[in-house]
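For reference, the chains in residue letters:
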Amino acid sequence: MRGTKLLLGSLFVWFGLVWCVSRMPVGELFTTTWCTYCDDAAYYIDENFPPIEPVSIIVRYEVDEEAPFDDYDATGMNDRVSTYFSGSYGVPNMHIDGTDYGSGPYSTWISTLESRAGTSAPLDISFSDLTEDSVEITLTLEDPAYAGTHQLNVMIIEDSIYYSAPNGQTLFNQIFRSTITNSPYGDNVSLSTVKSPVVRKYALDLHPDWDVNNCFVVAFVQNTSTNEMLQGNRTPLLRPNYMFSVAPKFQTVSSIAEDTTANMNSTITNRGVNDDTYDVYADLLLPGGWTANTYAGGSSFS
């Protein structure tokens, strides 16, 4: 048993442009449960997205009608499809901040999200109030060049859904559940004056099938003429004073050649309101004669 202590807090980095705030990029993945490549893409994201999840967003739209994921808001999901596609299209497909990054390589998806995170954005989105019944969102224009009418999309996504899909995938994360704007197509918002907050409040209509402990509210503002994403943000649906998550929770390496190594990484994220310190233990279930090293924040612990 190996242990260490980690202080999980919040880090905000502000850049020096006069009008701009730090960007949280939005990746929108269109995928299905029958596509073999979609299972590969999901596995890659599950393995590589957690380190940048605190500063970026992924929403996954399971668009096939045979799967159970469109039972709650097919209209809202189809709106996101029609935003980018007309007619047939291939899956998996990733759009990042409104730009088409196609079917991969998957590493480009992750590197693009990572490189865009923290760059300047013309708009600030904050969750000014969140209860079990409603969410209040404040939009503040920072750059007058982006003044105009844009589309606000607010939705609920859910992690850690277990479903045995035809393509072999069993774990589904960042799954689109439902839009919560007044219109299933998003709401138009007029952003005309710099530093003049625009507030929108929405009811939370939660389905009993959803695990609220694994749900998040995602908000983003998009230019409907160009599809450019101005800004995104995400917050846990429930945020108690003390809460953390570990992703991925379980990892298995199917085969390792002799005299080689394997790396398995997990990210611990503070989901609570307060900073906190946790004891972290790694259970190393190894065959006889094998050894393992454990690291946190680049430092080894034992």
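Up top you'll find the structure we're talking about.
Attention in this report is confined to the structure presented alongside it. Just so it is clear, the model here is predicted, and its values are computed rather than measured. (Residues numbered from 1 in each chain as written. Predicted model: local features only at pLDDT ≥ 70, side-chain atom pairs only at ≥ 80, totals over all residues. Heavy atoms only, no water.)

### Focus: the overall build of the protein
Along its length, the protein carries three helices and 22 strands. Counting over 302 residues, the protein shows a buried share of 45%. Roughly 15,600 Å² of accessible area belongs to the protein as shown, and the carbon and sulfur atoms make up 49% of that amount. (Helix = DSSP H or I, 4+ residues; strand = E, 2+ residues; numbered from the N terminus. Buried < 20%, exposed > 50% of the residue type's maximum accessible area, 1.4 Å probe, protein only. Areas by Shrake-Rupley, 256 points an atom, 1.4 Å probe, with all protein chains shown as cover.)

### Looking at the packing of helix α1 (residues 36–48) against helix α3 (residues 106–116)
The geometry of α1 relative to α3 is characterised by a closest axis approach of 10 Å and an angle of 35° between their N-to-C directions. Considering only the axes of α1 and α3, their crossing is right-handed. Where α1 abuts α3, its residues Tyr 37, Asp 40, Ala 41, Tyr 44, Ile 45 and Asn 48 lie against Tyr 106, Ser 107, Trp 109 and Ile 110. (Axes fitted to C-alpha atoms, helices over the stretch in contact; angles between N-to-C directions. Left-handed = near helix turned anticlockwise from the far one by under 90°. Contact = heavy atoms within 4.5 Å.)

### Looking at the packing of aromatic side chains
Tallied over the full model, the rule gives eleven aromatic pairs. Geometrically, the ring pair formed by Tyr 61 and Phe 176 is tilted, given 5.4 Å between the ring centres and 45° between the ring planes. Here Phe 176 lies in strand β13 (residues 175–179) and Tyr 61 lies in strand β4 (residues 57–62), a separation of 115 residues in the sequence. Here Tyr 61 and Phe 176 have matching classes, each one buried. Ring geometry for Phe 85 versus Tyr 89: centroids 4.2 Å apart, planes at 10°, classification stacked. Through successive ring pairs, a cluster of aromatic residues spans Phe 30, Tyr 61, Tyr 84, Phe 85, Tyr 89 and Phe 176. (Phe/Tyr/Trp six-rings, centres within 6.5 Å; stacked < 30°, edge-to-face > 60°.)

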